[in-house]
Amino acid sequence: MNKNKVSFRMIQYELRNVAGNPFIHIFGVGFPILMSMIISKAAASEIPDNTFIGEIVTSIFLGIGSIIPLATILMGYSSTCSQDIEKGIPLRMQLFGFSEKYTIINRLIAEFIYMTFAFVIYFIVGISVLKIVSPVISGVIIYFICLYIFAAALFILAHAIANLVKKFGLTYMITMIIYFGMMILSGMMGIAVDKLPKGVKVISNLLPSTYLNKDIYTVWIGKTYNFVPMIQSYIFFFALSGILTFIMIYQSKRNLH
């Protein structure tokens, strides 16, 4: 086995680590499904005119789908990574000749594979139970591109947090706060973004999950959409993740001297 390249065996190993975390199954698969069912049914029951039920239910379903990368990548990867750091696993792997760069790539691929399975289950259940409006092909492609780019930014953020904190308990607490905080600020917990206080709304508009929640239906059905605010939120999120990564690298170099 070549230790310095992307390896199928290493991806399998990392995938077993991902699947062995019960919290990922709960928050990354079960919770989004439950949330989408409850909120969609509640919203549908309050609409007297059936004409708009499909639009509202689909919008809710697509928005809550962004919980999956938040749970599987941000919470799941950060907790696994911090546990490994506590046990000294990354250091031992480097001593045995495993490249840190390729280890991270193998982990990213494993996380994306699990997240893809989670989306498959989520959509199978959603389409079976809810009245989902049929999309255009370009809408589906753009939706998943947005989600996977978001997931990539979350992976960088999770890796930086885990390596900066280095403790499982504290890492899990921080990512849990971010997880629920982003859900609230993005309008997934029943509070519409438009009803948030002005200062809070500014923060909300910096989060990609906000646009995935409130605007993605427009893209899903192929209507014209201004992507500029969404792109700006991605730039901000990658910049934030990059700054934390830079601090992590600087800190690790200082610890070596």
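Below or above, wherever it landed, is the structure these notes cover. (Residues numbered from 1 in each chain as written. Predicted model: local features only at pLDDT ≥ 70, side-chain atom pairs only at ≥ 80, totals over all residues. Heavy atoms only, no water.)

## A look at the overall build of the chain
Consideration 1: Helices and strands together make up the secondary structure of the chain, namely 12 helices and zero strands.
Consideration 2: Ordered by position in the sequence, the α and β elements of the chain form the string α-α-α-α-α-α-α-α-α-α-α-α.
Consideration 3: Against the 2.2 N^0.38 benchmark of 18 Å for 257 residues, the chain shows a C-alpha radius of gyration of 19 Å, consistent with a compact globule.
Consideration 4: Oriented by its inertia axes, the alpha-carbon framework of the chain measures out at about 65 × 40 × 30 Å.
Consideration 5: For the chain, the residues scored as buried account for 45% of the 257 residues in total.
Consideration 6: Across the chain, contacts joining residues at least 24 apart in sequence account for 81% of those joining residues at least 6 apart.
Consideration 7: When the accessible area of the chain is evaluated, it comes to approximately 13000 Å², of which 69% is carbon and sulfur surface.
Consideration 8: For the chain, the distance from the average site of its 19 positive side-chain charges to the average site of its 10 negative ones is 10 Å. (Helix = DSSP H or I, 4+ residues; strand = E, 2+ residues; numbered from the N terminus. Rg over C-alpha atoms; globule rule 2.2 N^0.38 Å. Buried < 20%, exposed > 50% of the residue type's maximum accessible area, 1.4 Å probe, protein only. Contact = heavy atoms within 4.5 Å. Areas by Shrake-Rupley, 256 points an atom, 1.4 Å probe, with all protein chains shown as cover. Lys, Arg positive; Asp, Glu negative; His and termini not counted. Charge placed at Lys NZ, Arg CZ, Asp CG, Glu CD.)

## Examining the nonpolar core
Consideration 1: Ranked by size, the top nonpolar core spans 63 residues in total, and within it Leu70, Phe123, Phe150, Tyr179 and Phe237 carry the most contacts.
Consideration 2: It is helix α7 (residues 137-165) that provides the largest number of residues to this core, a total of 12 residues. (Core = buried A, V, L, I, M, F, W, Y, C linked by side-chain atoms within 4.5 Å.)

## Regarding the packing of helix α4 (residues 67-87) against helix α6 (residues 100-129)
Consideration 1: The contact between α4 and α6 brings their axes to 10 Å, and the two run at 145 degrees. The two elements α4 and α6 cross, and the hand of that crossing is right-handed. Contact residues: α4 offers Ile68, Pro69, Thr72, Ile73, Tyr77, Cys81 and Asp84, while α6 offers Arg107, Glu111, Phe112, Tyr114, Met115, Ala118, Phe119 and Tyr122.
Consideration 2: Of the residues belonging to the contact of α4 with α6, the class tally is 11 nonpolar, one polar and three charged. (Axes fitted to C-alpha atoms, helices over the stretch in contact; angles between N-to-C directions. Left-handed = near helix turned anticlockwise from the far one by under 90°. Nonpolar A, V, L, I, M, F, W, Y, C, P; charged D, E, K, R; others polar.)

## A look at a nonpolar patch on the surface
Consideration 1: Judged by side-chain polarity, Ile137, Ile141, Ile145, Ile149, Ile156 and Phe238 come together as a nonpolar surface patch covering roughly 520 Å² of accessible area.
Consideration 2: Broken down by element, the nonpolar patch gets its largest block of residues, five residues, from α7.
Consideration 3: With respect to the element layout, Ile137 can be found in helix α7.
Consideration 4: For Ile137, a relative accessible area of 68% puts it in the exposed group. (Patch = residues over 30% accessible without salt bridge, like charges linked within 9 Å, V, L, I, M, F, W, Y side chains within 5 Å. Salt bridge = Lys/Arg side-chain N within 4 Å of Asp/Glu carboxyl O.)

## Examining the pattern of salt bridges
Consideration 1: On inspection of all chains with the given rule, the structure shows three salt bridges.
Consideration 2: Two residues, Arg107 and Asp84, come together in a salt bridge whose shortest N-O distance is 2.8 Å. Taken together, the residues span a long stretch of sequence, with Arg107 in helix α6 and Asp84 in helix α4 at a distance of 23 residues.
Consideration 3: For Asp84, a relative accessible area of 9% gives the class buried.
Consideration 4: Through salt bridges that share partners, Glu14, Asp84 and Arg107 make up one connected network.

## Details of the side chain of Ser79
Consideration 1: Summarising the element assignment, Ser79 is placed in helix α4.
Consideration 2: Relative accessible area serves as the criterion here: at 2%, Ser79 is assigned to the buried category.
Consideration 3: Once you skip the residues sitting within four places of it in the chain, Ser79 turns out to touch Asn21, Phe168 and Tyr172.

## Concerning the environment of Ile191
Consideration 1: Secondary-structure assignment places Ile191 in the loop between α8 (168-185) and α9 (198-204).
Consideration 2: For Ile191, a relative accessible area of 40% translates into the label partly exposed.
Consideration 3: With residues up to four places along the chain from it excluded, the contact list for Ile191 reads Ile184 and Leu196.

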